[in-house]
Amino acid sequence: MDKKSEMLYGTFAPCGCFHAFQNQETDFIKDFKYWFLGLNWQQGFLGRSLLFLKAHKIDEVELTKEEAAEKHAIYCMWRRAITRAFNPDKINQAQLGNEEFLHKGHVHWHFVPRYRRPITFAGALFQSDDEHTQKVIYSDFHKRIVYPVEVRQKIKEELLKNF
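Please read these numbers as outputs of a predicted model, since none were measured by experiment. (Residues numbered from 1 in each chain as written. Predicted model: local features only at pLDDT ≥ 70, side-chain atom pairs only at ≥ 80, totals over all residues. Heavy atoms only, no water.)

Trainee: What exactly am I supposed to notice about the packing of aromatic side chains here?
Mentor: In this structure the tally under the stated criterion is six aromatic pairs. Note on Tyr 75 and Phe 111: the rings are 5.1 Å apart at their centroids and 75° apart in plane angle, and the pair reads as edge-to-face. You can see Tyr 75 sitting in helix 2 (residues 65–86) and its partner Phe 111 sitting in strand 5 (residues 108–114), a full 36 residues away along the chain. Both rings, one in Phe 126 and one in Tyr 147, keep their centres 4.4 Å apart while their planes meet at 25°; by these two values the pair is stacked. Highlighted residues: Phe 126 in strand 7 (residues 124–126) and Tyr 147 in the loop between helix 4 (138–141) and helix 5 (149–161), separated in sequence by 21 residues. The exposure class of Tyr 147 is buried, given its relative accessible area of 11%. Taken together, the aromatic side chains of Tyr 75, Trp 78 and Phe 111 make up a single cluster linked through ring pairs. Positioned above the aromatic ring of Trp 109, the side-chain terminus of Lys 71 is 3.9 Å from the ring centre. (Phe/Tyr/Trp six-rings, centres within 6.5 Å; stacked < 30°, edge-to-face > 60°. Helix = DSSP H or I, 4+ residues; strand = E, 2+ residues; numbered from the N terminus. Buried < 20%, exposed > 50% of the residue type's maximum accessible area, 1.4 Å probe, protein only. Lys NZ or Arg CZ within 6 Å of the ring centre and 35° of its normal.)

This is how it looks when you write it as structure tokens:
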């Protein structure tokens, strides 16, 4: 890890589960005591974010009261920011563990804003829910939607303005 990455990510998941995120400086939104909030590079739905626990735990039942409380507080802050920035119609949350080979089962949350209307930001069109797209399996569809760093940087800036 180079010095800049070490400064940026030194406190983030020291167990090494998320080293794949080291070079995505754009996508790291905010550092908290127990968690790190990041913008998912596979945007699909505008503002899709990930919340990573810094300590290596593999199930929510292992969270301390403080970690759980901070997770809730961060979600509430993120929810207000995403609503002010992009006004999604609903939010999906998920704690998945289906890519254990990538992150050893490390606890993290997916925050996925959903839109019932076409949504464009920074010149890019994002996924919305309609009769056709609701039939598409999201886990298959999102893999094709990786937005350029410049677009993700603008999304991050818009979210941070609204935190």
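Picking up where we left off.
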